[in-house]
Amino acid sequence: MQPFSNNISNEKGTQQPLFEYHTNSSIAPVQGKKVAIDFQGGTLTSDVGVLLLRETEAQCGIIKTLVQSITDQRRMASVTHSSFSLIAQRIYQIAAGYEDGNDSNTLRFDSAFQMAVDRLDELASQPTFSRLENRITRTELYRMGVAFVDNFLVSFYEKPEIIVLDFDDTASVVYGHQQMALFNGYYEETCYQPLHVYEGLSGKLITTILRPGKRPDGKEIVSYGKRIITRLRQQWPNTIFVYRGDSHYSAPEVFTFLEQQQNCHSITGLTSNKVLQKQVKHLLKEAKQQTTGYKRYHSFTYQAESWSAPRRVVAKVEITAKDGLNVRFISTDMWQATAKVLYEEIYCARGNDELYIKEHKTYTKSDRTSCHRFTANQFRLFLHSAAYVLLHAFRSTMLKGTSLATATFESIRLKLLKVGARIMKRKTKISVHLPTGYPYQSIFSKCLAIFEHLRSTPYSPLCTS
């Protein structure tokens, strides 16, 4: 089978273009008037909303903190693109829906992205980003991980009374020979299995850690939790931390570690076993005589052999039309709340964590881990995570009280970021003209007014309480 070609052969056997691109073409007339189309509109952009992200970064500072984690060992006399320009360009492109490094080959000429990184000339292309990804060291990656936690800390006006640490992972499927990628029997794919840690009440990202394609064991989870909690505790000595995760994060090493911490609690899923099933035997017997809609909770004390102390277990027994009899268990060290509150209001809220991962993975395309080197893929994950931080900060602060306050990242991108505009560069001024009929003028204008006010305030980061 011959590959598709943009050429066809004429009678003499020579090649002629299948499509001819004219600088001035037309489409069907509209009400009798000829419609001419050309590519001579001047300096236009389809992503002028990226300038809103630039203002968000000025207040949020996530890109700045990541750049400070890197030691630039290039010969500065030969450097055209600074580390800040490179990282900012890549993150803004990801946030705007251009997740591939190849996209920079054309976007480097886009005036909106040039202005976003405080330049008016050509930006970096794909080979430059490939070199950047592969020169980042493990030490610099560790500093970046700390930078994400520190950025999370400064995102609060006041010290919070309670912080929920949601731990979860997801599959990042690979299609090559990436270092440390493993075949995962559960997903039936060769993949990475990055760890995502969010604050469960606000959805703020704390950090993301690229891992081989297998579930972490208890010691590995503790190694991450210890670093995060220690860093947070330095700034928030009296804040209550609640560790939350599914049954895969219900490890005895984690429970032992948390028991040794001040003001630390946990609530996790718990895998069923014969001992637990025996505790709800009376509910199972009762459920067999019921129909759809039956739901009961039962609380009891339980200690597995590997646990250092007994814990409270809450069992849920229900009958649903879809699954029939459904029995679930959770474990916690919180003894005061009722069984129903613990399960429905505290544990089930963990489902929001899956939505955060969905926004991170689906809308910033953070599973594009196609580099060969593991460290390069971790750096890529951090770039996509920074895009998540920017988009989340923009939505939770700038869009509060608007119709887009609870919109997905994709909706925000389509309605506020991907906006066409004409950019006119003069000697002392740059004019950006948006469409007169733009439907979200009021929200866009509100954001501009807020940013203008923030620029005049000595210290006004985008924070939420």
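Source: prediction; values computed, not measured.

Enquirer: Provide a residue-level description of the sheet that holds strand 18 (residues 430–433), including the pertinent values.
Expert: As summarised here, the arrangement of the 3 strands in space is 5-17-18, forming an open sheet in which the pairing is antiparallel. Edge strands, defined here as strands with exactly one partner in the open sheet, are strand 5 (44–45) and strand 18. Two strands pair when backbone bridges link them, and strand 17 (residues 421–425) and strand 18 are joined in this way by 4 bridges, in the antiparallel orientation. Among the inter-strand pairings, Met424 is bridged to a residue of strand 18, identified as Ser431.

Enquirer: Please provide a residue-by-residue account of the packing of helix 7 (residues 138–153) against helix 8 (residues 218–235), values included.
Expert: Two elements in contact, helix 7 and helix 8, have axes whose closest approach is 10 Å; the angle formed by their N-to-C orientations is 40°. One element, helix 7, and the other, helix 8, form an angle in the oblique class. The handedness of the crossing between helix 7 and helix 8 is right-handed. Contacts from Tyr142, Val146, Val149, Asp150, Phe152 and Leu153 in helix 7 reach Arg227, Arg231, Leu232 and Gln235 in helix 8. Taken together, the residues that form the contact of helix 7 with helix 8 break down as 6 nonpolar, 1 polar and 3 charged.

Enquirer: Tell me about the pairing of strand 15 (residues 311–320), and please be specific about residues and values.
Expert: Across the 10 residues that make up strand 15, a large majority, 9, are buried. Relative to strand 16 (residues 324–332), strand 15 runs antiparallel, the two sharing 9 bridges. From the neighbouring strand, Val317 faces strand 16, where its bridge partner is Val327.

Enquirer: Give a description of the side chain of Lys316 that names residues and reports values.
Expert: Structurally, the position occupied by Lys316 is in strand 15. What makes Lys316 buried here is its relative accessible area of 10%. There is a polar contact of 3.0 Å between the side chain of Lys316 and the side chain of Glu318. Setting aside residues no more than four positions away along its own chain, Lys316 makes contact with Lys295, Arg296, Tyr297, Asn326, Val327, Arg328 and Tyr343.

Enquirer: Quick one: what's the story with unusual backbone geometry, residue by residue and with numbers?
Expert: The phi dihedral of Glu188 is positive, around 55°, even though this residue is not glycine. As for its placement among the helices and strands, Glu188 is situated in the loop between strand 8 (182–184) and strand 9 (189–192). What makes Glu188 exposed here is its relative accessible area of 60%. In the Ramachandran plot, Lys365 falls in the positive-phi region, its phi being about 55° despite a non-glycine side chain. Tracing the backbone through its elements, the reader meets Lys365 in the loop between helix 13 (351–363) and helix 14 (374–398).

Enquirer: Residue-level account of the packing of aromatic side chains, with values.
Expert: On inspection of all chains with the given rule, the structure shows 18 aromatic pairs. With a centroid separation of 6.1 Å and an interplanar angle of 75°, the aromatic rings of Tyr98 and Phe113 are classed as edge-to-face. Residue Tyr98 is found in the loop between helix 3 (83–95) and helix 4 (104–107), and its partner Phe113 is found in helix 5 (residues 111–116); the two are separated by 15 residues along the sequence. Between the aromatic rings of Tyr302 and Trp307, the centroid separation amounts to 5.4 Å while the plane-to-plane angle is 85°, which identifies the pairing as edge-to-face. Trp307 carries the same exposure label as Tyr302, and that label is buried. These aromatic residues form a ring-pair network of at least three members: Tyr198, Tyr356, Tyr388 and Phe409. We note Arg311 situated over the ring of Phe255; from NZ or CZ to the ring centre the distance is 3.7 Å.

Thresholds applied
- Residues numbered from 1 in each chain as written.
- Predicted model: local features only at pLDDT ≥ 70, side-chain atom pairs only at ≥ 80, totals over all residues.
- Heavy atoms only, no water.
- Pairing = 2+ DSSP bridges.
- Helix = DSSP H or I, 4+ residues; strand = E, 2+ residues; numbered from the N terminus.
- Axes fitted to C-alpha atoms, helices over the stretch in contact; angles between N-to-C directions.
- Parallel < 35°, antiparallel > 145°, perpendicular 65-115°, else oblique.
- Left-handed = near helix turned anticlockwise from the far one by under 90°.
- Contact = heavy atoms within 4.5 Å.
- Nonpolar A, V, L, I, M, F, W, Y, C, P; charged D, E, K, R; others polar.
- Buried < 20%, exposed > 50% of the residue type's maximum accessible area, 1.4 Å probe, protein only.
- Polar contact = N/O pair within 3.5 Å; in protein donor to acceptor, adjacent residues only side chain to side chain.
- Phe/Tyr/Trp six-rings, centres within 6.5 Å; stacked < 30°, edge-to-face > 60°.
- Lys NZ or Arg CZ within 6 Å of the ring centre and 35° of its normal.

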